[in-house]
Amino acid sequence: MSTYRVETRPETTTAGITDTVPMTKIGRIADRIPEIAGWLAERGSHPAGAPYFRYRVIDMAADLVVEVGFPVPDGAALTSAGAVAVGTIPAGRYVTTVHHGHPDGLVDATGALLRWAAEEGLTFDRHDTDAGDAWAGRFEFYLTDPAEQPDMAQWDTERVSSPAN
């Protein structure tokens, strides 16, 4: 049984790479995580939290616009360079839950989170575009370090989406 909650989060500075990929090639963007960690290290910085996927635009039948990255320490003097952009996760209210299990279960976990929010009368900060559903804030934070827990069935992934109300 999943636990859902609405919480307020502060603005968080990030470093990430955005790409457009079909769902069948989502691993292509995940493979860029070490590149971002290396980019941070080259600049004397480091990740300040778990890696994330930010789903900016979603069309499951076509393409997804996905950002992968890390939160970075407050006050880190970083400037976008190359493929890596410095940005933010906006401050605000978010619906959250943690999925325990293989990442293949995240689609179902997301559906459950969206159903729970609808039952609670929450709507999300999203709008339709020609490219698909555009989201102000829809994230997955990968809380489990694969080097420490290689069994993907034991991973914890936090789902976070910004409600509009």
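Above this note sits the structure.
For every chain, the first residue of the written sequence is number 1, and numbering continues from 1 along that sequence. Whole-chain, interface and lining totals are the exception, using all residues; otherwise, since this is a predicted model, local features are given only for residues with pLDDT of at least 70 and side-chain atom pairs are given and counted only at 80 or more. Values shown for side chains rest on all heavy atoms present in the structure; no hydrogens or waters enter the calculation.

Draft legend 1. Summary view of helix H2 (residues 33–42). Every buried residue belonging to H2 is among Ile 33, Ile 36, Trp 39 and Leu 40, and all of these are buried. The arc enclosing the buried residues of H2, seen along the axis, measures out at 120 degrees, which places them on a common side. Of the residues in H2, the exposed ones pointing more than 90 degrees away from the buried face are Pro 34, Ala 41 and Glu 42. Where H2 ends, the next residue or the one after it, Gly 44, has phi of about 75 degrees, a positive value. Three exposure classes are used, based on accessible area relative to the maximum for each residue type with a 1.4 Å probe and protein chains only: buried under 20%, partly exposed in between, and exposed over 50%. Strands here are runs of E lasting at least two residues and helices are runs of H or I lasting at least four, both read from the DSSP assignment and numbered beginning at the N terminus. The directions considered for the arc run from the helix axis to the C-beta atoms.

Draft legend 2. Structural context of the pairing of strand E9 (residues 138–142). Summarising burial for E9: five of the five residues are buried, a large majority. Neither face of E9 is exposed, since Arg 138, Glu 140 and Tyr 142 on one face and Phe 139 and Phe 141 on the opposite face are all buried. The pairing criterion is simple: DSSP has to find at least two bridges between the two strands. Bridging between strand E3 (residues 52–58) and E9 involves three bridges; their strand directions are antiparallel. Bridge pairing in E9 links Arg 54 to Phe 139.

Draft legend 3. Structural context of a nonpolar patch on the surface. Residues Met 23, Met 60 and Val 107 make up a contiguous nonpolar surface patch of about 250 Å² in total accessible area. Turning to its location among the elements, Met 60 is positioned in the loop between E3 and strand E4 (63–71). Like-charged residues within 9 Å of one another, or nonpolar side chains (Val, Leu, Ile, Met, Phe, Trp, Tyr) within 5 Å, are grouped into patches, provided each residue has over 30% relative accessible area and no salt bridge. Surface exposure here means Shrake-Rupley accessible area, sampled with a 1.4 Å probe, where a residue is shielded only by the protein chains that are shown. Salt-bridge detection follows one rule: a side-chain nitrogen of Lys or Arg within 4 Å of a carboxyl oxygen of Asp or Glu.

Draft legend 4. Just the environment of Ala 77, in detail. Relative to the assigned elements, Ala 77 resides in the loop between E4 and strand E5 (85–89). When the C-alpha positions of Ala 77 and His 102 are compared, they lie 36 Å apart, and in sequence the two are 25 residues distant.

Draft legend 5. Quick peek at helix H3 (residues 106–119). Across its 14 residues, H3 extends 20 Å between first and last C-alpha, which sits within 8% of the 20 Å expected from 1.5 Å per residue. We call two residues contacting when some pair of their heavy atoms lies within 4.5 Å. The inward-facing, buried residues of H3 contact strand E1 (5–9), strand E6 (92–100), E9 and strand E10 (156–161). For a helix, the expected span equals 1.5 Å multiplied by the residue count minus one.

Draft legend 6. Geometry of the packing of aromatic side chains. The criterion for an aromatic pair is that two Phe, Tyr or Trp rings (for Trp, the six-membered ring) have centres within 6.5 Å, with stacked assigned to planes under 30 degrees apart, edge-to-face to planes over 60 apart and tilted to the rest. By the definition in use, this model includes eight aromatic pairs. Aromatic pair Tyr 52 and Phe 141: ring centres 6.0 Å apart, planes at 50 degrees, arrangement tilted. Here Tyr 52, found in strand E3, pairs with Phe 141, found in strand E9; they are 89 residues apart in sequence, far enough to count as distant. Summarising the aromatic geometry, the rings of Phe 139 and Phe 141 are spaced 5.8 Å apart at their centres and angled 25 degrees between planes, so their arrangement reads as stacked. Put simply, a charge is over a ring when the Lys NZ or the Arg CZ is close to the ring centre, within 6 Å, and near the line of the ring normal, within 35 degrees. Over the face of the ring belonging to Trp 135 we find Arg 138, whose NZ or CZ atom lies 4.6 Å from the ring centre.

Draft legend 7. Quick peek at the pattern of salt bridges. All told, the structure shown has 10 salt bridges when counted by the stated rule. When the shortest N-O distance is used, the salt bridge between Glu 67 and Arg 56 registers 2.6 Å. In this pair, Glu 67 is assigned in strand E4 and Arg 56 in strand E3, connecting sequence segments 11 residues apart. Owing to a relative accessible area of 6%, Glu 67 belongs among the buried residues under this scheme. On the basis of relative accessible area, Arg 56 is assigned to the partly exposed category, the value being 31%. Between Arg 126 and Asp 128 there is a salt bridge; the shortest N-O distance is 2.3 Å.

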